[in-house]
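What the coordinates show
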Amino acid sequence: MKSTPDLCDEYPELVSVVEPIFSNFGGRECFSGQIVTVKCFEDNSVVKQLVGTKGNGRVMVVDAGGSMRRACLGDMLAELASVNGWSGIIMFGCIRDVDQIMATDIGVQALGVHPMKTDKKGIGEQDVVVSFAGVTFSPGDYIYADNNGIITSKESLA
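Residues numbered from 1 in each chain as written. Predicted model: local features only at pLDDT ≥ 70, side-chain atom pairs only at ≥ 80, totals over all residues. Heavy atoms only, no water.

The condition is simple: UniProt positions are given in the numbering used here, feature names are shortened, and annotations may be inferred rather than shown by experiment.
In the annotation of an unreviewed UniProt entry, the entry for the protein chain reads 4-hydroxy-4-methyl-2-oxoglutarate aldolase, and the organism field reads SAR92 clade bacterium. In UniProt, the protein chain has this text filed under Sequence similarities (unreviewed entry): "Belongs to the class II aldolase/RraA-like family." UniProt's Subunit (unreviewed entry) comment on the protein chain is quoted here verbatim: "Homotrimer."

The following block contains the structure:
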C-alpha cells in the first residue's frame, strides 16, 4: 500500500482526509480496504457479530459516538477479526487490551483506551452511512490508514 501522503499527492481530488484525532493501536500499522460501517453507542453487539464473519480484507468503520466511557473493542474481538480476514478497524470511540491488540495482525485506530467493556443489549446498526471526524463514511467506499493518518475515497486507489 502506498502511504496516505503519497495517495493524497497522487489523487488530491479523490480523497477525503479524516481529522487527526485517532491513534494507531493495532499490530498492522498500514491497512486499507472497502468500508463496512457499524453505528453503536456503548454496546458492541454488532461489532462482535461482524468480526465473526469473513472480512475479505475489508475495514470496519465503527461510529461508537465518540464515547470515552466504554471500550467497544478488546483483544478477543480483535483476534477474531484478524483470523477472519479483516484488514482493520477504525473505532470512533475506545478500545481496551491494548498490549494484546498491538500483538495482533490487524490494523486498529481509535480515539483512546478505556478498561470498561460495553453492555450487550443487541443495539446497533450495520451498513449505514456514518459521519465523524469531518468525513462521511459510506459502505463500499475505500479507506486507507497508516501512521500519517486516515483517508477515504469513493473508488479504489490501490
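Moving on from the model shown.
1. Describing the pairing of strand E7 (residues 107–113)
Filter applied, for reference: Any residue under 20% of the maximum accessible area for its type is buried, any over 50% is exposed, and the rest in between are partly exposed; the area is computed with a 1.4 Å probe on protein chains only. Counting from the N terminus, the helices are DSSP H or I runs at least four residues long and the strands are E runs at least two residues long. Whether two strands pair depends on DSSP finding at least two bridges between them.
By the criterion of burial, E7 is predominantly enclosed, with 6 of the 7 residues buried. Both strand E2 (residues 23–24) and E7 contribute to a ladder of 2 bridges, which runs antiparallel. Following the sheet pairing, Asn24 is matched in E7 by Gln109. Alignment of strand E6 (residues 88–95) against E7, held across 6 bridges, turns out to be parallel. Residue pairing in the sheet places Cys94 in a bridge with Gly112 of E7.

2. Focus on the UniProt feature "binding site: substrate" (unreviewed entry) in the protein chain
The UniProt feature table records "binding site: substrate" (unreviewed entry) at Gly74, Asp75, Met76, Leu77 and Arg96. Spanning 23 residues, the annotated positions come together in the fold, the maximum distance between their C-alpha atoms being 10.5 Å. Tracing the backbone through its elements, the reader meets Gly74 in the loop between strand E5 (71–73) and helix H3 (75–83). Residue classification places Gly74 among the buried residues on the basis of a relative accessible area of 9%.

3. Considering unusual backbone geometry
For Asn56, which is not glycine, the phi torsion reads 50° and is therefore positive. Owing to a relative accessible area of 63%, Asn56 belongs among the exposed residues under this scheme. With a phi angle near 60°, Asp127 is a residue other than glycine that sits in the positive phi range. Look at Asp127 and you get partly exposed, because its relative accessible area is 45%.

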